[in-house]
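Notes for the structure review
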Amino acid sequence: MTRVEYAAAGVILVGSLLPFWLGHYWLDVAFLAAVYAGIASAWNVAGGFSGTSSFGHGLFFGIGAYTSGALFFHFRVSPWLGLGLGAVLAAAVGVIIAWCGVRYRIRGLSFAVLTLAFAEIAWLFVGTFDPLGASRGISLPPATPGLASLQFQSGWSFFLAGLVFLALCQAVAWRVHVTPLGFRYRAVRENETAAQAMGIDPVFVRLSAMALTAALTAIGGSIYAQYLLFLDPRTFFGPDVTIKVILFTLVGGMGSVWGPVVGTALLYPAGEWLRAAFGGRVPGLDILFYGSLVIVCCLTFPAGIVGTIGRLVGRDGTARASTEDT
Amino acid sequence: MLLVAGLVQGIVLGVILALVTSGMTLIYRVTGIINFAHGGLMAVAMYLAYDVKRYANVDPLVASLAIAPLMAMVGWALFHAVIRPIRRQHHLLAIQILLGLSFVIEAILLMRYGADMRTAENVFSGHFVSVLGVGIELTRVVAFVISVLGLTALGIALKWSDWGRRLRATAADELAAYLVGISVIRVEAWTWGVGVGILGLVGPVLADVFKMTPDMGLRYAIVALVVVIIGGGRTMAGTIVGGLLVGLSETLGLLYLPGSYGGLMPYALLAVVLLVNPRAMLAMVRGR
């Protein structure tokens, strides 16, 4: 890892210990921030590293949540099994969508729109399909709290679960970033034809990137469902999750390992604080904050926080980082 | 009978969607940017009409004559303030900024008007007319007529006005247009002005056709995006076809499919079009 990344890791470690002193509410916020950061990191693996941007991550988030949730609700299947199944199912769907993109030569923006279309279809379908609760949603029955049911009594157990998920996503992102696979991803992102001429198979790159990002996002969905204990189509399949994680990633620094985490760690708690502090009197202040911040960030430092810092200390943190000491 | 009702409703909805989307198509065609704030800007025009009606008691149909140039100025200013500085950069950046703008609009509308559903009634509200034996709200028919007139005027302007010629030249080959002395920046700014101005023209009457909520923006932006892509993203004719297909598929889907599966139809259509029509995609891929 580079100096920048060590610094980022240190800040995040300290930051992640903060909620313990701040009490219940902030533990919940910290748990959600960890889940969002993990999903942002997962989005970054496909969108940032390999250039396979998706606007439809709600699809994978929802598949994860609904697979474990519905199996638990109907058949009392262990959420762990559901979590695994959801990840596999989401990865399969991701591969199918990526394959459609390759097969029909849909790339870049139009691929992102294709994922959006699939996510909207899933959202509307689940909102009508009765066994999945249709638009009423599903209330998950509470189980004995503990690791086996993925339901915890205290906020900090949930927070730890969120951190474990985040660590998993970061481990995957870091592995992808430093191994030859990551170099293939970036080569395809920068110039697909040139990459192909070097013997890199862009089909494998796109399919594997979508499979990874889908599986990780689905795991996040399962964990979030066990926390919320309520599945509704809008929360899980709607565009909100996707928009938020892209926003966090973009502000933090797209294409860098720590960018999505830094972005989420800064923005999500700030938005929640605005909602808690002013939500009663001025609804929408957190949306205004997110919206204006993204405009300002895109106009002033399009490389994101991590990318800009990396440039300031003399290293480009976005694309080539973390190769020299591995 | 059910079929005729579906067809009439679908065609009316489709043509309205076509005019709403035509601004997005123009902007996409000339600047290569998908305006994700399109729905949000339409919501602004609708809420403006609501305020004018409420405080000055001016009919939204009359107000639209003032709101249209106002929205055009908004579009023009938006281009110069936000889009112009980043027009050569990654397309995701522009999309992200416009999504952010859509959020800002939603938040401001929520603060100003609250989350309740609202409408702004015009002089035709509350009446029904019979078209081919199908009862339909008069405001919808008025919106349909405005849309037909608007699309015709836009088509004529694109074909025969100087602005239209410059726009087509810029869309066809930006560098060549620049070399023959067309101010590309000015054309793009005007296109944003016209594209957003159309929303000011049609928004006020739609304030009684669609229900206004602060979060409607993103939803309609996605619907408009579906229309743009199904229509190929290049021409007015394509946009009209796209609008009709979306309007008809949704209306007929809701009539004939159980539950609300019909709402799926436009998106299913989008997926099919993306997968089978390489030309619609080509237009998207070539975007800067």
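In this text, all values refer to a predicted model and were calculated from it rather than measured experimentally. (Residues numbered from 1 in each chain as written. Chains lettered and ligands numbered in written order. Predicted model: local features only at pLDDT ≥ 70, side-chain atom pairs only at ≥ 80, totals over all residues.)

**A word on the overall build of chain B**
Across its full length, chain B carries 12 helices and 2 strands. Along the chain direction, N to C, the helices and strands of chain B fall in the order α-α-α-α-β-β-α-α-α-α-α-α-α-α. Taking 19 Å as the expected radius of gyration for a compact globule of 288 residues, we find that chain B reaches 19 Å, a close match to that expectation. Projected onto its principal axes, the C-alpha positions of chain B cover 55 × 50 × 35 Å. Out of the 288 residues belonging to chain B, those deemed buried represent 55%. (Helix = DSSP H or I, 4+ residues; strand = E, 2+ residues; numbered from the N terminus. Rg over C-alpha atoms; globule rule 2.2 N^0.38 Å. Buried ≥ 20, exposed ≤ 12 C-beta atoms within 10 Å, placed from the backbone.)

**Considering the environment of Val272 of chain B**
As for its position among the elements, Val272 of chain B is in helix 11 (residues 265-276). A sequence separation of 118 residues divides Val272 of chain B from Leu154 of chain B, and the C-alpha atoms of the two residues are 29 Å apart.

**With respect to the interface of chain A and chain B**
Opposite the 35 residues of chain A that make contact, chain B presents 38 residues. Going through the elements one at a time, helix 6 (108-126), helix 12 (240-252) and helix 14 (285-300) of chain A are the ones with two or more residues in the side of chain A that touches chain B. If you tally residues by element for the side of chain A that touches chain B, the top one is helix 6 of chain A, at 11 residues. Class assignment for the residues of the side of chain A that touches chain B results in 26 nonpolar, 7 polar and 2 charged. (Contact = placed C-beta atoms within 7 Å. Nonpolar A, V, L, I, M, F, W, Y, C, P; charged D, E, K, R; others polar.)

**Some thoughts on helix 11 of chain B**
Here helix 11 of chain B spans 16 Å end to end across 12 residues, near enough to the 16 Å set by a 1.5 Å rise per residue. Of the positions making up helix 11 of chain B, those classed as buried are Met265, Pro266, Tyr267, Leu269, Leu270, Val273 and Leu274 of chain B. (Expected span 1.5 Å × (residues − 1).)

**Considering the nonpolar core**
Ranked by size, the top nonpolar core spans 207 residues in total, and within it Tyr36 and Ala215 of chain A together with Ala45, Met46, Ala49, Val202 and Val226 of chain B carry the most contacts. Sorting elements by how many residues they give to this core places helix 3 (residues 24-49) of chain A first, with 17 residues. (Core = buried A, V, L, I, M, F, W, Y, C linked by C-beta atoms within 7 Å.)

**Notes on unusual backbone geometry**
All names here are of chain A. You will see that Leu229, though not glycine, has its phi angle at about 60°, which is positive. Along the chain, Leu229 turns up in the loop between helix 10 (202-228) and strand 2 (230-231). For Leu229, a count of 15 C-beta atoms within 10 Å corresponds to the partly exposed category.

**Observations regarding the packing of helix 6 of chain A against helix 11 of chain B**
Packing of helix 6 of chain A against helix 11 of chain B leaves a shortest axis separation of 9 Å and a crossing angle of 150°. Comparing their axes, helix 11 of chain B and helix 6 of chain A come out roughly antiparallel. Note that helix 6 of chain A runs across helix 11 of chain B; the crossing there is left-handed. When helix 6 of chain A is examined against helix 11 of chain B, the residues Ser110, Leu114, Ala117, Phe118, Glu120, Ile121 and Leu124 of chain A are found in contact with a partner set consisting of Tyr267, Ala268, Leu270, Ala271 and Leu274 of chain B. (Axes fitted to C-alpha atoms, helices over the stretch in contact; angles between N-to-C directions. Parallel < 35°, antiparallel > 145°, perpendicular 65-115°, else oblique. Left-handed = near helix turned anticlockwise from the far one by under 90°.)

**Brief notes about the confidence of the model for chain A**
Residues and elements named next belong to chain A. Confidence along chain A averages 83 in pLDDT terms, with 90% of residues attaining 70 or more. Mean pLDDT across the elements of chain A bottoms out in helix 2 (residues 19-22) (67) and peaks in helix 10 (92). When the criterion is pLDDT under 50, residues 317-326 qualifies, and its contacts beyond four places in sequence or with other chains add up to 29 contacts. (pLDDT = per-residue confidence, 0-100.)

**Focus: the pairing of strand 2 (residues 134-137) of chain B**
All names here are of chain B. As defined by bridge partners, strand 1 (residues 128-131) adjoins strand 2 across 4 bridges and the pair is classed as antiparallel. Its bridge partner being in strand 2, Val131 is matched across the sheet by Val134. Counted between consecutive antiparallel strands, the loop separating strand 1 from strand 2 contains 2 residues, among which Leu132 sits at a positive phi close to 55°. (Pairing = 2+ DSSP bridges.)

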